[in-house]
Every structure is written in structure tokens, then in C-alpha cells.
Amino acid sequence: AIVHPGKILPLHRIPEEQVQVATDLIYDRRGSAGLGGTAPADYDPLHRLMQLFEGASESKRTTEDRAALPVEERLEQRIVDGDRDGIDDDLDEALANHPPLAIINSFLLKGMATVGELFASGQMQLPFVLQSAEAMKTAVAYLEPHIEASGGGSSSSKGTFVVATVKGDVHDIGKNLVDIILRNNGFNVINLGIKQPLDAILQAAEEHGADAIGMSGLLVKSTVIMKENLEEMNARGLAHLPVLLGGAALTRGYVEDDLRAMYEGDVFYCKDAFEGLRVLETVLKARMAGEAPPEELVQRKPRRQPKTTRPVEDPPARDALGRPRSAVATDIDIPTPPFWGQRVVRGVPLDDIAPLLNEVALFRNQWGFSPGELSPDGYAELLETKARPVLREWLARAKAEKVITPEVAYGYYPASGDGDDLVVWDPEAPLERELVRFSFPRQDRGRFLCIADFFRPIDSGEVDVLGVQVVTMGRRITQVAQELFAQDRYQDYLFAHGFGVEMAEALAELWHRRIREELAIVGDDGPTPQDWFRQSYRGSRYSFGYAACPDLEDQMKLFQLVDATRVDVELTDEFMLYPEQSTSAIVVHHPEAKYFNAR
């Protein structure tokens, strides 16, 4: 069936029996196997489903039920349901008896509080949270002229919050979700965007009289910048500003142990937007009352000490110069590449990329369709009825509107291992003219692995082969996502952003497969894409900034081997790819090359 995603209901709004019977029908659970094992022997889920919906019309039963409620409760329920249709009429009715600010603070924000509780308990997924935020935004926009006419000033009465993605970081989805949730819970949010230096953040905080600031970032490098920013705030005497931090590479322990110990003010770790809302509300409420925030929220924990001193280990092997080395084989057959140097490929067919889309990463990590308290069957039903229709819509839109432009810059170069270094040679003068040299970290225990070990040693007289690739979905999908965010279409913004990111990952997977085909090592591949996601193939694809090669500055060396500007990809000041829907990697063919942590 073709289903419009805007008409899909979240599971918490569907009666439990309807969900259970529909799930039984999908999995053909008849007789006593149905209804969670409580059904009679003659139970038939198809017959029961027909009985449940006999005489049903297209009108929403929830709308009819809501119409019987007092207008104050109707408005609250509209926010929870994310239903904007007809909200103007309810607001007009409420305005006859309540001031506009009272409607926002007493009824609409109460609905958003319920949304937060449902999200925290796993009963509401992120896309439906954003649908509620859209309804909240619509209601507040309708009330704004009434507030101004009544001399009530701004509808934002809880405080001002300046938020930004830190210098050099191009990732903005987490920061924008914080913006959406705080803004629609009564805060004035100043969203500065991506790649923001501390000076810009502090200038905005002073200009707008910020009550607190937030910093966001994705990779490990961003956590270092956050620490440097806090140190600079100490030096400038600005530690009176509470700071909220969030991002994929941050941990609660790092913020609450290390950063809290060095920052002279209050700093908080927020795992998601709703924790940010809770922290900000608590801190600012305490400040308005002239009190310190609750001790459990701001207590400075002692720095963690290592439990034991780890004994020094000897490496399993050493090279001819006595340097530590792993026991990785050095006599693997070297594939022959189809060409040396670099090439650009444009117009990669969407139908070739889509089968390699990792739905787990897309649905759960990017779009926020998490299982919560759902059973495995219930979660499968959620994905089938709510997530996959959205994916089909975006795939169709990608074809019709060209919102993505898949392109690749890739190539092959002769290379050699030299201790912890990977030496890349000029194809016209291998072992003579060096193009770039990567220096990789080595494990100091266990297997003592280093990426350089997966290439023929420089003193062997033979050159190995290195693959390199940069893939992108282009800049259009970034623009589309930004336009949706600016239009307050929060749910569609989330879908557009996640779609672009995971399609870039799918293209990276496709091109790694193409490289294995061109090197004639594809015979070691597992039979399905799901196997490839688990590295069931020969070799590995390593991206800078991750565990085996953590130095993002190596992106500059990679860009000397492939001219990524030919596919409109550039590096930020902190060596991250822009547009965000792009990835880069070096490709290693050695059978023992798999992901590992070099630290």
C-alpha cells in the first residue's frame, strides 16, 4: 500500500487491541497463539480485525473524542497528538476566556511536557515529537499578534539560550533538535548554526542577554574544542554562564568528571534535547529564586583514577629496524588495480545505492524510531507502517526532484608500510618519489596493530596498493533540509537530514564494493549487504577521526591523492567534510584488516 506519512498515527494513539490484532494478522498467529497467548482456540485475527473496523469511517475517532473535552484540554491534547488541523478555532475559543500567554504557559506547554514524558518512557518516537513541536509552533504563531495587542511582550518567558555547533564541526542535527524542543517549550533560542568559534558564541550571548549557552559537536575533535572553550571562558571571567554540552563523542563521565572539575561555573552533559530542557528549566528556575541549582545536578565528581597500573607488554614482532610490529602476514598476494591515480564518477544510479542503505542506522539512529517499550513484533510493526513509507517517499522524491546528486572521487596508489607510517608513492616513480606519508597510532598491547602493518614493508622491494575514495550526496539535500527547518517543518527536516547522511554511507559501501570488484577480491564477500555491514569481506575501509586512524588532519593528505573539489566537497578549518552528507576513506585489501581501536 502507498501511505502518506503525514497521516500515520503513533502507536500510543492506536487502541492496544487494534495493534495486537493487526500484529497477529501480519504474523499469522491464529488460535491460542494470538492476543499474546490468551486468545481462544477459534481466534482468527482477520475476522477479528474486520469486526473491530466494521462500520468505521475515515474520520478520526480521536478528533471526535477530543471535541467533547473542554477547550483547555483539547489544546493540550492537540499538542500531544501533533494535530494542527482546526487549531485556530480552538485557540479563538480559548482566547474568549484566557489571556494568550496563559494559553501558552498553562495549556500548550503542558501538552509539550506530556510529549517529553512519552518520549522518555519510549511510548513516543522522535518523528512524532517533532510533529507535536510543529503543532506547538503553529499555535504560538497564531497567538503572537494577540500577545502584542494585549501588551504582553514576547511569548518566550522562560529565558534565552544561545546554541551553536563548535568551530570546524559541520553537524547540526542534534543542535537543531535542541532548538526545536526548547523553542517550543517557551525558551528564546538563538541558533548560531555550524562551525562557530567561541568569540561568536560569547558575542551572541552578550548581545541577547543569554541565560545559558549550549555547544554541540559530533566527533572527538569537537570535545577537545569544547574543553578549550571552557578554559577560555574561565580566563575571561565568564564562568557565570551555565554551559550545556551535547554530541555523539561526549560522555557523561567526561563532562561531569573532567570538565566539571576544570570549569569554574556550571557545566552539564545532555544526552538529548529533552534532558537539555530539564536541565535548563531546573537551573534557571533556581537562579530566578536566588538559589543554587540542586546539588545532584551540579556536584563535581572526583577525577577517575586508574584502578591498576597496566604492565608493559612486548610486541609479537619487530621489523628489520627493531621497531614494534604486529604479527600480520606480509606475504599476501597484491591485487592489480585497473588504473593508477584518480578518477571521478558522476550520476551513480539511485537504484544501485538504495539496496545498500542500512535501515537500522537510518530508522533507529537518524530518524529516532527506537523500540522503547515495544515488543519485537510491535517494533517491526512500527517500522513497517511508519518508517518504511517515509523512506519510500524520500526515494521517490530523490528520483523526481534530484535532491541528491551521488558522485565519487576515487583512485589507486602504490604504497608501502614503514614502521608506523604508510608511504604513498607517485605511480610513475614507486619506491622513489613520495607523495604523502600517513603516520598511524599503534596499539601498545594485545596484537599491537597499526594500519601500516597491512601493507608490504618498504624494505621488501615490492609496492602494495592503496585505495582511496570520497563520496557525496551533493549540496542540494543539505539545502532542502535547511529549508524545511526554516519553514518549521521539523519532522520533514529530520527525515531529509537522516536520508542524506545514510545515503552517503550507502554510496560509500557501494563504492567499497566496486573497489573490491576492480581488485578482483570480491569473491570473499558475504552473500548479502547485511553481511557487508558486518565487514564480511576482504579488507577494510578506514575513515579518519575514528578508532584506528583518529587524526582528522590526515584528511588533507587524502585530498592530495583525490581532488574532492571536483565533486564539490571541501574541508572545514577543523578538517571535516562539507557538505555533511559526504564520507572519505582509505581502502585496505589485506584479509586481516578489520576495525580496531589503536588507543
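One can find the structure itself at the top, above this paragraph.
Figured I'd write up the structure that's included with this text. (Residues numbered from 1 in each chain as written. Predicted model: local features only at pLDDT ≥ 70, side-chain atom pairs only at ≥ 80, totals over all residues. Heavy atoms only, no water.)

A closer look at the packing of helix α7 (residues 126–149) against helix α8 (residues 173–183)
Part 1 of the reasoning: The N-to-C vectors of α7 and α8 enclose an angle of 50 degrees; their axes lie 9 Å apart at closest approach. With respect to their mutual orientation, α7 and α8 come out oblique. Handedness of the crossing formed by α7 with α8: left-handed. Listed contacts from α8 to Leu126, Val129, Leu130, Ala133 and Lys137 of α7 are Leu177, Ile180, Ile181 and Arg183.
Part 2 of the reasoning: Residue classes in the contact of α7 with α8 are distributed as seven nonpolar, no polar and two charged. (Axes fitted to C-alpha atoms, helices over the stretch in contact; angles between N-to-C directions. Helix = DSSP H or I, 4+ residues; strand = E, 2+ residues; numbered from the N terminus. Parallel < 35°, antiparallel > 145°, perpendicular 65-115°, else oblique. Left-handed = near helix turned anticlockwise from the far one by under 90°. Contact = heavy atoms within 4.5 Å. Nonpolar A, V, L, I, M, F, W, Y, C, P; charged D, E, K, R; others polar.)

Brief notes about the nonpolar core
Part 1 of the reasoning: With 80 residues, the main nonpolar core has Trp367, Trp394, Ile404, Leu507 and Trp511 as its most contacted residues.
Part 2 of the reasoning: Of all the elements, helix α18 (residues 490–518) adds the most residues to this core, at 14 residues.
Part 3 of the reasoning: When sequence neighbours within four positions are dropped, the list of residues in contact with Trp511 reads Val345, Val348, Val408, Tyr410, Gln469 and Val471.
Part 4 of the reasoning: Counting 35 residues, the second largest nonpolar core, distinct from the first, contains Phe440, Phe455, Phe559 and Ala564. (Core = buried A, V, L, I, M, F, W, Y, C linked by side-chain atoms within 4.5 Å. Buried < 20%, exposed > 50% of the residue type's maximum accessible area, 1.4 Å probe, protein only.)

Some points on the environment of Gln479
Part 1 of the reasoning: Within the element layout of this structure, Gln479 appears in helix α17 (residues 476–486).
Part 2 of the reasoning: A relative accessible area of 39% means that Gln479 is categorised as partly exposed.
Part 3 of the reasoning: Separated by 76 residues in the primary sequence, Gln479 and Val403 place their C-alpha atoms 9.0 Å from one another.

Looking at the side chain of Asp426
Part 1 of the reasoning: If you trace the backbone, Asp426 turns up in the loop between β10 (421–425) and β11 (434–439).
Part 2 of the reasoning: Among residues more than four places away in sequence, those in contact with Asp426 are Pro414, Arg433 and Leu435.

What to know about helix α1 (residues 16–26)
Part 1 of the reasoning: Within α1, the full set of buried residues consists of Gln18, Val21, Ala22, Thr23 and Asp24.
Part 2 of the reasoning: Those residues of α1 hidden inside the fold are in contact with α2 (45–52) and α16 (376–401).
Part 3 of the reasoning: Following α1 by one or two positions, Asp28 has its phi on the positive side, about 50 degrees.

Observations concerning the sheet that holds strand β3 (residues 212–216)
Part 1 of the reasoning: Within the open sheet, the five strands sit side by side as β2-β1-β3-β4-β5. Their pairing is parallel. On the outer flanks of this sheet lie β2 (188–191) and β5 (267–269), each paired with one strand and no other. Across the sheet, the axes of successive neighbouring strands diverge by a mean angle of 20 degrees, strand direction being ignored.
Part 2 of the reasoning: Bridge analysis of β3 against strand β4 (residues 243–246) gives four bridges, and the strand direction is parallel. Bridging across to β4, Ser216 finds its partner in Gly246. (Pairing = 2+ DSSP bridges.)

Description of the pattern of salt bridges
Part 1 of the reasoning: Following the criterion strictly, the structure yields 47 salt bridges and no others.
Part 2 of the reasoning: A salt bridge links Arg252 to Glu275; the nearest nitrogen and oxygen atoms lie 3.0 Å apart. On the criterion of sequence distance, the pair formed by Arg252 in helix α11 (residues 252–262) and Glu275 in helix α12 (residues 273–288) is long-range, its members being 23 residues apart.
Part 3 of the reasoning: If you follow the salt bridges from partner to partner, you end up with Asp319, Arg323, Asp418, Asp421, Glu434 and Arg437 in one network. (Salt bridge = Lys/Arg side-chain N within 4 Å of Asp/Glu carboxyl O.)

Quick word on the pairing of strand β16 (residues 582–588)
Looking along a regular strand, one sees side chains alternate from face to face of the sheet.
Part 1 of the reasoning: By the criterion of burial, β16 is predominantly enclosed, with seven of the seven residues buried.
Part 2 of the reasoning: Sheet topology note: the strand β12 (residues 464–472)/β16 ladder contains six bridges and is antiparallel. Within the sheet, the bridge partner assigned to Thr472 lies in β16 and is Ser582.
Part 3 of the reasoning: When strand β13 (residues 540–542) meets β16, the two strands line up antiparallel, connected through three bridges. Within β16, the residue paired with Tyr542 across the bridge is Ile586.

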